[in-house]
Amino acid sequence: MNKLSPKVCIVGCGNVGMRYAYSMIISGVAREIILVDYSRKKAEGEAMDLSHGAPFVSPVKIYAGDYPNTADSDLVVVTAGRGQKQGETRIDLVKGNAEIFKTIIPEIVKYSPNAIILVATNPVDILSYITYKISGKPSREIIGSGTVLDTARFRYLISKELNIDSRNIHASIFGEHGDSEFPIWSKAIIGDVFFKDYFENCDEECGEQKLKGIFEDVRDSAYKIIEKKGETSYGIGLALTKISKAILKDQNSVLPVSSLLENYYGISDLYLSVPAIVHKHGIRQVMKVAFAEDELKALQNSAAKIKEVIRASGF
């Protein structure tokens, strides 16, 4: 089979993987998409369904296959894994998904040694780190989806509250993709105006309590969506497409992806989300942020919690 470029492999045909595949087809970024799943039958059905939209999108070849068919992929996106079961600890979830990754990652590296690997499976920061350790690849080529979706939720909720186009809201969530994530209010901007200046003349309706409430809504969004519909997938599908574009189109985009931190305010050998420049080779540069004191403490707290889980999981 002749390779069309860019070639993207999606490992895991659950809701997240398929929302991502659908978004990628509409975006026209990839010319070839291969679906890999433990159920070959499901992967084949998904590929058939998606392929029938060919007359409505840019040319793309989409099909199901096994790992040998993934050879020479430019980008491999891992969405495979399982969710947390009732009564199961986070450490149990990490151990369970780590075992799955021990079978997936070596196969990816065997057939596509030069591919960028983008991890979306939760807990994403820990599994990105585990992927880095298992793969033996340079850290720049292993990226976690991080807080890209959390940041999008943050900007949307702020825009909704202020009735301002979300594209003009520049505010980010950093740290863990999880309960210890935190907002960077000190750098947040509306258009060209810092939040602190915008809110200077506000009444208490848009004061600190309102901002705190917005962040808490962001942090708890996934729980609320899961409670209502059982899973989250559309938002992360679009977030993964955003990251994929940065890689496949060599955009040098600044995104809060999960990347390996080394001597970052004393944090080392750990995947967390801070701003990183993303291009065709993966992570070009991790950018150092001048954090406010409380934000730096929040980052260090996030790092400590991730370290604790990694240590307890045996990695």
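As shown above, the structure is provided for reference.
Procedures and definitions
Residues numbered from 1 in each chain as written. Predicted model: local features only at pLDDT ≥ 70, side-chain atom pairs only at ≥ 80, totals over all residues. Heavy atoms only, no water. Helix = DSSP H or I, 4+ residues; strand = E, 2+ residues; numbered from the N terminus. Rg over C-alpha atoms; globule rule 2.2 N^0.38 Å. Buried < 20%, exposed > 50% of the residue type's maximum accessible area, 1.4 Å probe, protein only. Lys, Arg positive; Asp, Glu negative; His and termini not counted. Charge placed at Lys NZ, Arg CZ, Asp CG, Glu CD. Salt bridge = Lys/Arg side-chain N within 4 Å of Asp/Glu carboxyl O. Core = buried A, V, L, I, M, F, W, Y, C linked by side-chain atoms within 4.5 Å. Contact = heavy atoms within 4.5 Å. Axes fitted to C-alpha atoms, helices over the stretch in contact; angles between N-to-C directions. Parallel < 35°, antiparallel > 145°, perpendicular 65-115°, else oblique. Left-handed = near helix turned anticlockwise from the far one by under 90°. Nonpolar A, V, L, I, M, F, W, Y, C, P; charged D, E, K, R; others polar. Expected span 1.5 Å × (residues − 1). Arc of directions from axis to C-beta.

J.: Describe the overall build of the protein chain, with residues and values.
T.: Each helix and strand in the protein chain was counted, giving nine helices and 16 strands. For a compact globule of 315 residues, the expected C-alpha radius of gyration is about 20 Å, and the protein chain comes in at 19 Å, within 12% of that figure. Seen through its principal axes, the protein chain has C-alpha atoms that stretch 65 × 45 × 40 Å. The proportion of buried residues among the 315 residues of the protein chain is 50%. When the 39 basic and 39 acidic side-chain charges of the protein chain are each reduced to a single mean position, those positions are 6 Å apart.

J.: Outline the pattern of salt bridges, supporting the account with residue identities and numerical values.
T.: Using the criterion set out here, one finds ten salt bridges in the structure. Between Asp269 and Lys133 there is a salt bridge, with the nearest N and O atoms lying 3.8 Å from each other. Of this pair, Asp269 sits in the loop between β13 (258–261) and β14 (270–273) while Lys133 sits in helix α4 (residues 124–135), and the two are 136 residues apart along the sequence.

J.: Just give me the short version of the nonpolar core, but keep the residues and values in it.
T.: Of all hydrophobic cores here, the largest spans 45 residues; its most connected members are Val11, Ile108, Phe291 and Leu299. At seven residues, the largest contribution of residues to this core is made by helix α3 (residues 90–111). With residues up to four places along the chain from it excluded, the contact list for Leu299 reads Gly175, Phe182, Tyr264, Ile267, Leu272, Val274 and Phe291. Counting 37 residues, the second-largest nonpolar core is a separate cluster that includes Tyr20, Ala21, Ala64 and Ala239.

J.: Give me the lowdown on the environment of Val286, citing residues and values where you can.
T.: For Val286, the location among the structural elements is in strand β16 (residues 282–286). Val286 sits 109 residues away from His177 along the chain, and the two C-alpha atoms are 17 Å apart. Apart from residues lying up to four places away in sequence, Val286 is in contact with Ser259, Leu260, Leu261, Tyr264, Val274, Pro275 and Ala276.

J.: Pulling in residues and values, what's your account of the packing of α4 against helix α9 (residues 293–313)?
T.: For the pair α4 and α9, interaxial distance at closest approach is 10 Å and the crossing angle is 55°. In terms of orientation, α4 and α9 fall into the oblique class. Taken as a pair, α4 and α9 cross one another with a handedness that is right-handed. Residues Asp125, Ile126 and Tyr129 of α4 pack against Ile306, Val309 and Ile310 of α9. Each residue belonging to the contact of α4 with α9 can be placed in one class, and the counts come to five nonpolar, no polar and one charged.

J.: Which residues make up α9, and what values do they have?
T.: For α9, built from 21 residues, the straight-helix expectation of 30 Å at 1.5 Å per residue is met to within 8% by its first-to-last C-alpha distance of 31 Å. Within α9, the full set of buried residues consists of Glu295, Ala298, Leu299, Ser302, Ala303, Ile306, Val309, Ile310 and Ser313. For α9, the angular spread of buried residues about the axis comes to 135°, placing them on one side. In α9, the exposed positions that point more than 90 degrees away from the buried face belong to Glu293, Asp294, Lys297, Glu308 and Arg311. One or two residues past the end of α9 sits Gly314, with phi positive at roughly 90°.

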